[in-house]
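Here's the letter readout for the chains.
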Amino acid sequence: MKFVLHLAPAGPQLWKRSRAGWQAHDGPADGPVWLVTDLAEESFAEIQIPRIFGRDRQAFIARQLASRFPDTLFRTTLPTAASGGLMDRIAPPRLTLLGVDAAQRVNSTLDALPAPIAGVWATSMLLALMGIKKGLPTELFVVFPAAQALRIVFIKNRVPVLSRLIPGITQAADQAAEIVRTLRHLENTRVLERSGRKPGVLLLGDSESLAPLLAIDQLPLVAPPAPWTSAAPLDWRFALFDLALTSPVGQLAPLSRRTSYIATRLRLPAYAVAGISLGLALWASAGNLREIMTSHNSRNQTDQRTQQLEQQLNEVAQKMAGFGVPPELVHQAAKLDREELASAPSLATQMQQIAQVLVQRPELRVSQFEWRILQPEQAVCTRGAPAPAASAEMPTTEPATPTRQVEISFDISLPQSQPARARSQSVRNLSALLAKIPGVTLIQDPAKALAQATLSGGGSARPQAEQALSWCLSLPGQPADAANALATTRP
């Protein structure tokens, strides 16, 4: 809801604008007020400005305003239509001033208003804005017959030149006479040429009785401009009020009178800009905030885990203190268990691997079996006197010695009734089966020694049936759990 205070010679009248239209309002205004003056003291003045710019031009205009309207602060300059060359468009040589020389009356009216003041507009200026609409003549009388007075505004070259308020003129003949009188004044002051084309008349009211009277002096009536062409309001005051609510050019009140209204208008955009800025800042920092929260949560979890481990260590230290054993000794024992005992090879698993080979040759008998864990630097199968052929036939591409190795040596007795060829075949088959064990390396192999003895063709001191054949091999020293898993998965 908006309010307009109409200040006429008869006194101020407050009007409110709602969806139902304009209505008189008797109480105080609930919002900002637009003041529309309709006084005889409204006047226009035209000044010439030398070719000056910047602060000099502004200071010159301010002095001209103070000189033309010295007794009022309700004064302003009106925009001038651009014409002429570039310099005339940048700094127009002529300027129109507007003032309401009734400061005391306007100030007393504004002081009585508790609501914010949106601004002050003169009826003369509002009528001039109607008269300079596109499609109207450049020289025009805008005539506004009110209930108790007649307002006449003359426009030349789309610039307001003259404003008159004649009280007590309500009859059509008197109104026509005042319009003609204003025309004669303009001709006498050479604003208009007597022999020139007569200006048009925009009558904002009943024109049926006034048109014949104006036709005598060849003053043509013109139709109202848009948006008032199709349906002119019954009371043209309301059209002026609607125009004032748009806050057009020609506002007269000084800034000190409009401080509250301007602050209210700027507060909402400032809040909106602040909200948008805050939203953009939050959106821009959302990724950083998520990273910060994730890092914070991870740090909290790490701290909690550290506290739990420290608590567990304290509990273990207390329990160890109750045993009467120094913690360092317990640590050494745990290290020994981890590095020596837990990593020791499995005797049962490797014996089971050898047994799975021997069971395939039931005619062979094991007379001696030895299983030994070697140190990392200790050589394999070096005890006793190894066969000469064994060292000569060792693989030249022996794999790298693992950290721990197991040495297995055993003797096999052959049956006495078995022929020599069959005994040689049994020895070769056994060596072939042993070589298929994963990770095995045959260091001492009787099958190779028998082959060399057969090729030499010499006699032996005693029959082969009575000789014990010895095998010596190495296996990787896998821990017991790994060896058991390997034995379980082997078919």
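Anything mentioned here points back to the structure above.
First, a word on scope: everything that follows refers to the structure included in this document. This one's a predicted model, so the numbers in the text were calculated from it and none came from an experiment.

## Thoughts on the pairing of strand β3 (residues 21-24)
Link 1 in the chain: Bridge analysis of strand β2 (residues 11-18) against β3 gives four bridges, and the strand direction is antiparallel. Its bridge partner being in β3, Arg17 is matched across the sheet by Trp22.
Link 2 in the chain: Counting the residues in the hairpin turn of β2 and β3 gives two residues.

## So, the state of the cysteines
Link 1 in the chain: Counted under the stated rule, the structure contains one disulfide.
Link 2 in the chain: The disulfide bridge from Cys381 ends at Cys472, spanning 1.7 Å between sulfur atoms. Between Cys381 and Cys472, the S-S dihedral sits near -90 degrees, and the bridge is therefore left-handed. A residue pair is termed long-range when its members are at least 10 positions apart, and Cys381 in the loop between β13 (365-374) and α12 (388-392) and Cys472 in strand β16 (residues 468-476) qualify at 91 residues. Here Cys381 matches Cys472 in class, with each residue buried.

## Concerning the sheet that holds β3
Link 1 in the chain: What the five strands build is an open sheet, ordered β3-β2-β1-β4-β8; its pairing is mixed. Where the open sheet ends on each side, the last strands, each with one partner, are β3 and β8 (117-122). Between one strand and the next, the sheet's axes are offset by a mean angle of 25 degrees, whatever the strand orientation.
Link 2 in the chain: When strand β1 (residues 2-8) meets strand β4 (residues 33-37), the two strands line up parallel, connected through five bridges. In the sheet register, Leu7 faces β4, and the bridge partner there is Thr37.

## Here's the deal with the sheet that holds strand β6 (residues 75-78)
Link 1 in the chain: Overall, antiparallel pairing links the three strands, which are arranged β5-β7-β6 in an open sheet. Looking at the sheet topology across the chains shown, the edges are occupied by β5 (42-48) and β6. Taking each pair of neighbouring strands and ignoring which way they run, the sheet shows an average axis angle of 25 degrees.
Link 2 in the chain: Sheet topology note: the β5/strand β7 (residues 94-100) ladder contains seven bridges and is antiparallel. Across the sheet, Ser43 pairs through a bridge with Gly99, a residue of β7.

## A closer look at helix α7 (residues 236-245)
Link 1 in the chain: The buried fraction of α7 amounts to seven of the 10 residues, a majority that puts the element mostly inside the structure.
Link 2 in the chain: Buried within α7 we find Trp236, Ala239, Leu240, Phe241, Leu243, Ala244 and Leu245.
Link 3 in the chain: Looking at the residues trailing α7, positive phi occurs at Ser247, about 50 degrees.

## Overview of the side chain of Glu42
Link 1 in the chain: Following the sequence through the fold, Glu42 ends up in strand β5.
Link 2 in the chain: Of the polar contacts made by the side chain of Glu42, one reaches the backbone nitrogen of Asp38; its length is 3.4 Å.
Link 3 in the chain: Leaving out residues up to four positions away in the same chain, Glu42 has contacts with Thr37, Gly99, Val100, Ala122, Thr123, Ser124, Arg151 and Ser163.

## Structural notes on the environment of Trp236
Link 1 in the chain: One can find Trp236 in helix α7.
Link 2 in the chain: A residue is classified by how much of its surface remains accessible, and Trp236, at 7% relative accessible area, is buried.
Link 3 in the chain: For the pair Trp236 and Leu204, spaced 32 residues apart in sequence, the C-alpha separation works out to 6.5 Å.
Link 4 in the chain: With near-sequence residues (within four places) excluded, Trp236 lies in contact with Met130, Phe144, Leu204, Gly205, Pro224 and Trp228.

## Some remarks on unusual backbone geometry
Link 1 in the chain: The residue Ser247 is not glycine, and still its phi comes out positive at about 50 degrees.
Link 2 in the chain: In this fold, Ser247 is placed in the loop between α7 and α8 (259-284).
Link 3 in the chain: Not every positive phi belongs to a glycine, and Cys381 is a case in point at roughly 55 degrees.
Link 4 in the chain: With a relative accessible area of 9%, Cys381 lands in the buried category.

## Let's talk about the packing of helix α4 (residues 123-131) against α7
Helix-helix packing: each pair is described by the crossing angle between the helix axes and the interaxial distance.
Link 1 in the chain: Between α4 and α7, the least distance of the axes is 10 Å, while the angle of their chain directions is 90 degrees. When the interaxial angle is binned, α4 and α7 end up roughly perpendicular. Facing α4, whose interface residues are Thr123, Leu126, Leu127, Leu129 and Met130, α7 presents Trp236, Ala239, Leu240, Leu243 and Ala244.
Link 2 in the chain: Grouping the amino acids of the contact of α4 with α7 by side-chain chemistry returns nine nonpolar, one polar and no charged.

## As for the packing of aromatic side chains
Link 1 in the chain: All told, the structure shown has nine aromatic pairs when counted by the stated rule.
Link 2 in the chain: Residues Trp22 and Phe238 carry aromatic rings whose centres are separated by 6.3 Å and whose planes lie at 15 degrees to one another, so their mutual orientation is stacked. One end of the pair, Trp22, is in strand β3; the other, Phe238, is in helix α7, with 216 residues separating them in the sequence.
Link 3 in the chain: Taking relative accessible area as the criterion, Trp22 reaches 12% and is therefore assigned buried.
Link 4 in the chain: When the centroid spacing of 5.9 Å and the interplanar angle of 15 degrees are considered together, the rings of Phe410 and Trp471 count as stacked. With Phe410 in strand β14 (residues 405-413) and Trp471 in strand β16, this residue pair connects regions lying 61 residues apart in the sequence. Of the two residues examined, Phe410 and Trp471, each falls in the buried class.
Link 5 in the chain: Linked through ring pairs, Trp15, Trp22, Phe238 and Phe241 together constitute an aromatic cluster.

## A word on the pattern of salt bridges
Link 1 in the chain: Per the stated rule, a full pass over the model turns up 13 salt bridges.
Link 2 in the chain: The partner of Arg151 in a salt bridge is Glu42, and the shortest N-O contact between them spans 3.5 Å. Taken together, the residues span a long stretch of sequence, with Arg151 in strand β10 (residues 149-156) and Glu42 in strand β5 at a distance of 109 residues. Neither Arg151 nor Glu42 differs from the other in exposure class; each is buried.
Link 3 in the chain: The salt bridge involving Arg181 is made with Glu178; its shortest N-O contact spans 3.1 Å. One end of the pair, Arg181, and the other, Glu178, are both in helix α5 (residues 172-188), three residues apart, so they sit about a helical turn from each other.
Link 4 in the chain: Via salt bridges that share partners, Arg184, Glu187, Arg194, Lys198 and Asp217 belong to a single interconnected network.

Rules and cut-offs
- Residues numbered from 1 in each chain as written.
- Predicted model: local features only at pLDDT ≥ 70, side-chain atom pairs only at ≥ 80, totals over all residues.
- Heavy atoms only, no water.
- Pairing = 2+ DSSP bridges.
- Helix = DSSP H or I, 4+ residues; strand = E, 2+ residues; numbered from the N terminus.
- Disulfide = S-S within 2.5 Å.
- Buried < 20%, exposed > 50% of the residue type's maximum accessible area, 1.4 Å probe, protein only.
- Axes fitted to C-alpha atoms, helices over the stretch in contact; angles between N-to-C directions.
- Polar contact = N/O pair within 3.5 Å; in protein donor to acceptor, adjacent residues only side chain to side chain.
- Contact = heavy atoms within 4.5 Å.
- Parallel < 35°, antiparallel > 145°, perpendicular 65-115°, else oblique.
- Nonpolar A, V, L, I, M, F, W, Y, C, P; charged D, E, K, R; others polar.
- Phe/Tyr/Trp six-rings, centres within 6.5 Å; stacked < 30°, edge-to-face > 60°.
- Salt bridge = Lys/Arg side-chain N within 4 Å of Asp/Glu carboxyl O.

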